[in-house]
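Secondary and tertiary structure notes
Here is how the chains run, residue by residue.
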Amino acid sequence: MATHLLFSIIILITTTTATSLPPPPQYNLSSLLSTLGFHHFSTATTTITATTSTTIFAPTDASLRSCPYCSLPLLFLEHSIPGLYSSHLLSTFTFATKIQTLASSPNTSLCITITKSISNSDPNSTTLFISGVEITRPDLFNDGNFIIHGIQGYITHLSPYSCQIERMTSLSFPPIPSTTPISSTVSLQLLNDAMYNLRLREYTIVSFLIQQNLDLLLQLTSMTIFAVNDGNVFGDGEHRFVSSFKFHIVPNRSLTALELMKLPVETEMVTMSGGERLVVTVAGGGGLLVPMRINNVRVVRMSVVCNDGVVVHGIAGPFRSVRRTSMGSWLDV
């Protein structure tokens, strides 16, 4: 009887102690992120208990200023993933690995995409990117409950297609028929999808320029953009592509690769730059030796992005205005 009583007392004490324990401590993420230098991002944090292992990719204040339309609370959830992912672990993942974020809902999954770049001079040096944004300060904080990486680059919201691998390539989009009726303006969702895919394909500057001109572009029914990739944007030393971005946009017209290749020489296309026009100076179909040229600039990559309202083609460099000569050709002014 005494033994049974002793066991009953031990069970009662254990149960009482367990129920009276305080809840797990809560992190003041706002103070932590602010201390680490992420002042703007710290204002958007939510309370997460210490028992929730989370990895946070924190953008710098300058990065957040590149996206004035973004919602900070949503960005915080889009840049947080459940589990602990050190930079070493991230570097072992295959290219374009996707991880679902805390911003996901039962109806919509939102994923970050992990990519990496290996230095030619040092094969052991790997630069990691999260959805096209570089991790510049890896493993900034790690206490076994939270890992915080610092990132810097042009920020946009995740695409609703971010978890779908088949949407990663523009070639998976169905061609847009030229006879498709135009009945509404381009949606923010289509532009977000375009910006997301541009960043993955090394057209980050173009994505940023679209973000800067959202109000204007949202008034269009569709658009074709001729874009210069990140490596060539500043190659001319004059930043012409950035300063003349509207000259590279054909409004209210989405020209797929097939439609563009069918345009004959001297076809003109109105741009968003004060009525200035682009001119087909070499028609498509000539192959690698005679590539298509617009305003004497080579078209180097078809359908970088192609969705239901936005088509982006890659060009070798920024456009210059052209004029007709007495010989019937087009030359740079």
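Residues numbered from 1 in each chain as written. Predicted model: local features only at pLDDT ≥ 70, side-chain atom pairs only at ≥ 80, totals over all residues. Heavy atoms only, no water.

**Things to note about the overall build of the protein**
Helices and strands together make up the secondary structure of the protein, namely 12 helices and 16 strands. When each of the 333 residues of the protein is scored for burial, the buried share is 44%. A fraction of 60% describes how many contacts in the protein between residues 6 or more apart in sequence connect residues 24 or more apart. Just so you have it, the protein exposes about 16600 Å², and 57% of that area is on carbon and sulfur atoms. (Helix = DSSP H or I, 4+ residues; strand = E, 2+ residues; numbered from the N terminus. Buried < 20%, exposed > 50% of the residue type's maximum accessible area, 1.4 Å probe, protein only. Contact = heavy atoms within 4.5 Å. Areas by Shrake-Rupley, 256 points an atom, 1.4 Å probe, with all protein chains shown as cover.)

**Description of the side chain of Ser207**
Along the chain, the position of Ser207 falls in helix H8 (residues 204-212). Taking the relative accessible area as the measure of exposure, Ser207 reaches 1% and is therefore buried. Sequence-distant contacts of Ser207, defined by excluding residues within four places in its chain, comprise Thr156, Met195, Leu198 and Arg199.

**Quick look at the nonpolar core**
In this structure, Val206, Ile210 and Met223 are the most contacted members of the largest nonpolar core, which totals 42 residues. Elements supplying a minimum of two residues to this core: helix H7 (188-200), H8, helix H9 (214-217), strand S8 (223-227), strand S9 (249-251), strand S11 (277-282), strand S13 (297-306) and strand S14 (310-315). Looking at which element gives the most residues to this core, the answer is H7, with 5 residues. For Met223, the residues in contact, after removing those within four places along its chain, are Val186, Leu191, Leu217, Ile249, Val250, Asn252, Arg253, Ser254, Gly309, Val310 and Val311. Ile56, Ile99, Ile130 and Phe146 belong to the second-largest nonpolar core, a separate cluster that totals 30 residues. (Core = buried A, V, L, I, M, F, W, Y, C linked by side-chain atoms within 4.5 Å.)

**Things to note about the confidence of the model for the protein**
Model confidence for the protein is summarised by a mean pLDDT of 79, while 76% of its residues fall at 70 or above. Averaged pLDDT values for the elements of the protein fall to 43 in helix H1 (residues 2-20) and rise to 96 in S8. A low-confidence stretch, residues 5-25 stays under pLDDT 50, and its non-local contacts, those more than four residues away or across chains, total 3 contacts. Low pLDDT (under 50) marks residues 166-183, which in the prediction has 32 contacts with non-local residues, meaning those over four places away or in another chain. (pLDDT = per-residue confidence, 0-100.)

**Overview of the pattern of salt bridges**
As enumerated under the stated definition, the model contains 1 salt bridge in all. For Glu268, the salt bridge identified is with Arg277, shortest N-O distance 3.7 Å. By relative accessible area, Glu268 is classed as partly exposed at 39%. What makes Arg277 partly exposed here is its relative accessible area of 42%. (Salt bridge = Lys/Arg side-chain N within 4 Å of Asp/Glu carboxyl O.)

**Quick word on empty space enclosed by the protein**
The final tally for this structure, using the stated rule, is 1 cavity of 30 Å³ or more. In this structure, the largest cavity is lined by Glu78, His79, Ile112, Ile130, Ser131, Val133, Thr156, His157, Leu158 and Arg199. Class assignment of the residues belonging to the lining of the largest cavity gives a composition of 4 nonpolar, 4 polar and 2 charged. (1 Å grid on protein atoms, 1.4 Å probe; cavity = no way out; pocket = protein on both sides within 12 Å on 5 of 7 lines; lining within 4 Å. Points joined across faces, edges and corners; volume = space filled by probe spheres on them. Nonpolar A, V, L, I, M, F, W, Y, C, P; charged D, E, K, R; others polar.)

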